[in-house]
Amino acid sequence: YPHVLETELRLYRLTGGKVVTRGKDLPKGSVDLIVTAMEDQEMWSQERCQPWHRSATAWAEACRAPVLAIDPPPHAPAFEVKMTLVGGLPLHHPPEAGKMYLANLGIPKNIYKEVGIKFSSPFGAKFVIPLHKSCTT
């Protein structure tokens, strides 16, 4: 793994969550939600050619569970996505990216001030803002 990914995996392991590195080790039964963050903003097209990506994609398609994509590249996803969560104002994402949500990353106001950006948070007490049209009845 690249050094940055190894660091993130080490942090994730502290949660007690299971790390799987082979498609055959993915759950065999039903799952409630699939969270995917497996495509890099720059390397996504090369990643889709890799056996690990094809295996994970086939598994996700077979599960038929809703998929939440975390900060995916702005291209059509490899499989059906119900929701997309981004940490900054998103690039243009296709309709296949599902409902779009903006997450509050909690960046301190002084960071914006330091780089010369006048910023007023749109979040208020919320930590996620929907960026899609919602149906109300």
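Given the structure is predicted, the values throughout are model-derived calculations rather than measurements.

Undergrad: Would you explain the overall build of the protein in this entry?
TA: Counting its regular elements, the protein contains four helices and five strands. Counting from the amino terminus, helix and strand elements in the protein follow one another as α-β-α-α-β-β-β-α-β. Across the 137 residues of the protein, 23% fall into the buried class. Total accessible area computed for the protein in this model is approximately 10300 Å², and 59% of it derives from carbon and sulfur atoms. Charge centroids of the protein, computed over 16 positive and 13 negative side chains, lie 6 Å from each other.

Undergrad: Could you clarify how one ought to interpret the layout of surface pockets in this entry?
TA: It is the rolling of a water-molecule-sized probe over the atoms that shows where space remains empty. Approximately 1700 Å³ is the volume attributed to the largest pocket. Contributing to the lining of the largest pocket are 37 residues, with Leu5, Leu9, Val35, Ala37 and Met38 lying nearest its centre. Elements with a minimum of two residues in the lining of the largest pocket: α1 (3-13), β1 (34-36) and α3 (51-63). For the lining of the largest pocket, the element with the most residues is α3, which contributes six residues.

Undergrad: Would you mind showing me how to read the pairing of strand β2 (residues 67-70) here?
TA: Consecutive side chains along a regular strand alternate between the two faces of the sheet. Summarising the sheet, β1 and β2 pair through three bridges and their orientation is parallel. Looking across to β2, one finds that Thr36 is bridged to Ala69. Relative to strand β3 (residues 83-86), β2 runs parallel, the two sharing three bridges. Across the sheet, the residue bridging to Ile70 is Leu85, located in β3.

Undergrad: Got a minute to help me understand the sheet that holds strand β4 (residues 99-103) in this structure?
TA: In a beta sheet, neighbouring strands are held together by backbone hydrogen bonds and run either parallel or antiparallel to one another. One open sheet holds the five strands; their spatial order is β1-β2-β3-β4-β5, and the pairing between them is mixed. Where the open sheet ends on each side, the last strands, each with one partner, are β1 and β5 (128-130). Each adjacent strand pair in this sheet contributes to an overall mean axis angle of 25°, direction not counted.

Undergrad: I tried to follow the pattern of salt bridges on my own but got confused; where do I start?
TA: Between side chains of opposite charge, a pair can form as their charged atoms come close. Per the stated rule, a full pass over the model turns up three salt bridges. With its nearest N and O atoms 3.6 Å apart, the salt bridge here joins Arg13 to Glu6. A relative accessible area of 39% places Arg13 in the partly exposed class. Note on Glu6: relative accessible area 29%, which makes it partly exposed.

Undergrad: Where do I start with the nonpolar core in this structure?
TA: Burial of nonpolar side chains together is a common tendency in soluble globular proteins. Core analysis: the biggest nonpolar cluster contains eleven residues, these being Leu26, Ile34, Met38, Ala56, Trp59, Ala60, Ala65, Val67, Ala69, Phe79 and Val81. Ranked by residue count, the leading element in this core is α3, at three residues. Dropping the residues within four chain positions of it, Trp59 is found in contact with Leu26, Pro27, Val31 and Ile34. In this structure, Val86, Met100, Leu102 and Phe123 belong to the second largest nonpolar core, which totals six residues.

Criteria and thresholds
Residues numbered from 1 in each chain as written. Predicted model: local features only at pLDDT ≥ 70, side-chain atom pairs only at ≥ 80, totals over all residues. Heavy atoms only, no water. Helix = DSSP H or I, 4+ residues; strand = E, 2+ residues; numbered from the N terminus. Buried < 20%, exposed > 50% of the residue type's maximum accessible area, 1.4 Å probe, protein only. Areas by Shrake-Rupley, 256 points an atom, 1.4 Å probe, with all protein chains shown as cover. Lys, Arg positive; Asp, Glu negative; His and termini not counted. Charge placed at Lys NZ, Arg CZ, Asp CG, Glu CD. 1 Å grid on protein atoms, 1.4 Å probe; cavity = no way out; pocket = protein on both sides within 12 Å on 5 of 7 lines; lining within 4 Å. Points joined across faces, edges and corners; volume = space filled by probe spheres on them. Pairing = 2+ DSSP bridges. Axes fitted to C-alpha atoms, helices over the stretch in contact; angles between N-to-C directions. Salt bridge = Lys/Arg side-chain N within 4 Å of Asp/Glu carboxyl O. Core = buried A, V, L, I, M, F, W, Y, C linked by side-chain atoms within 4.5 Å. Contact = heavy atoms within 4.5 Å.

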